[in-house]
Amino acid sequence: MSRITENLSRRKFSSSLLAFAVACSTQLATMPAEAASWKYLGTRTVNGLVDFDQIKVPVSYGKFKKIRLRVRGNSLLVYDVKVHYRNGRVQDVPIRVFIPQGGRTRVIDLNGSNRWIRKVTFKYGKFANGKGRTFVDLVARR
């Protein structure tokens, strides 16, 4: 009787381990696909402790549904993001978020149907920690 119980527990453990391995591999397989779906639109080197900057987007890049800011170099506190469309409209996104070095903002959904981005402006506060420059990347998804 103990051999039967032992075999059943081994099977349960093996099937649980297999399910865990499949779940992990599925997660890893989707990560590059998600990263590949974001299009790089531009970078800005931010200066000063409290300031604002902009990233211009070429018209040839087309329409997008979502944007996100990524931060490299140092941490950054982003107060406000404004998306300026080619038709003259402006979408104000009060974001007020601390982004650690290597981090990014939440996904920002763009309003309307005519989402040709002309530029994205953002107001920020830089943390002066003496470790070089800080870069903000703008990425978008169709």
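Everything numeric here is computed off the predicted structure, so don't read it as measured data.

Visitor: Looking at this structure, how should I read the overall build of the chain?
Guide: When helices and strands are counted, the chain shows one helix and eight strands. Relative to its 142 residues, the chain shows a buried fraction of 32%. In the chain, once contacts between residues fewer than 6 apart in sequence are set aside, the share between residues at least 24 apart is 77%. Taken as a whole, the chain presents about 9200 Å² of accessible surface, with 56% of it coming from carbon and sulfur.

Visitor: Quick question: what am I supposed to make of the packing of aromatic side chains here?
Guide: Here the structure, examined in full by the defined rule, presents one aromatic pair. Geometrically, the ring pair formed by Phe-122 and Tyr-124 is tilted, given 5.9 Å between the ring centres and 40 degrees between the ring planes. With relative accessibility at 2%, the residue Phe-122 sits in the buried group. Accessibility expressed as a relative area gives 0% for Tyr-124, which makes it buried.

Visitor: Which parts of the structure should I look at to understand the sheet that holds strand β1 (residues 39–46)?
Guide: Within a sheet, neighbouring strands are paired by backbone hydrogen bonds and run either parallel or antiparallel to one another. The strand order β1-β8-β3-β6 describes an open sheet built from four strands, whose pairing is antiparallel. Single-partner strands in this sheet number two, and they are β1 and β6 (108–109). As paired elements, β1 and strand β8 (residues 134–141) share seven bridges and run antiparallel to each other. Bridge pairing in β8 places Tyr-40 opposite Val-139.

Visitor: What am I meant to see in the pairing of strand β5 (residues 90–99) here?
Guide: Two faces make up the sheet, and in a regular strand the side chains alternate between them. Relative to β5, strand β4 (residues 76–85) is paired through eight bridges, and the arrangement is antiparallel. Within β5, the residue paired with His-84 across the bridge is Val-90. Count of turn residues in the β4/β5 antiparallel hairpin: four residues, of which Gly-88 carries a positive phi of about 100 degrees.

Visitor: In this structure, what is going on with the sheet that holds strand β7 (residues 117–126)? I would like to understand it.
Guide: On the basis of which strands lie adjacent, the open sheet formed by four strands has the order β2-β7-β4-β5 and antiparallel pairing. The open sheet is flanked by β2 (50–56) and β5, the only strands paired with a single partner. Pairwise comparison of adjacent strand axes, ignoring direction, gives a mean angle of 20 degrees for this sheet.

Visitor: Mind showing me how you'd approach the pairing of strand β3 (residues 66–72) here?
Guide: Pairing geometry for β3 and β6, over two bridges, is antiparallel. If you follow Ile-67 over to β6, its bridge partner there is Ile-108. Across seven bridges, β3 lies against β8 in antiparallel orientation. Directly across from Ile-67, in β8, lies its bridge partner Ala-140.

Visitor: In this structure, what is going on with the nonpolar core? I would like to understand it.
Guide: A general tendency of soluble globular proteins is for nonpolar side chains to be buried together. Within the largest apolar cluster, 25 residues are counted, with the highest numbers of intra-cluster contacts made by Ile-67, Val-81, Ile-117, Phe-122 and Leu-138. Every element with two or more residues in this core is listed here: β1, β3, β4, β5, β7 and β8. For this core, the leading source of residues is β4, giving five residues. If we ignore the near neighbours within four places in the chain, the residues touching Leu-138 are Lys-39, Tyr-40, Leu-41, Gly-42, Ile-55, Val-57, Ile-67, Arg-68, Leu-69 and Val-120.

What counts, and at which threshold
- Residues numbered from 1 in each chain as written.
- Predicted model: local features only at pLDDT ≥ 70, side-chain atom pairs only at ≥ 80, totals over all residues.
- Heavy atoms only, no water.
- Helix = DSSP H or I, 4+ residues; strand = E, 2+ residues; numbered from the N terminus.
- Buried < 20%, exposed > 50% of the residue type's maximum accessible area, 1.4 Å probe, protein only.
- Contact = heavy atoms within 4.5 Å.
- Areas by Shrake-Rupley, 256 points an atom, 1.4 Å probe, with all protein chains shown as cover.
- Phe/Tyr/Trp six-rings, centres within 6.5 Å; stacked < 30°, edge-to-face > 60°.
- Pairing = 2+ DSSP bridges.
- Axes fitted to C-alpha atoms, helices over the stretch in contact; angles between N-to-C directions.
- Core = buried A, V, L, I, M, F, W, Y, C linked by side-chain atoms within 4.5 Å.

It is worth stressing that arrangement in space is one thing and function is another; only the former is reported here.
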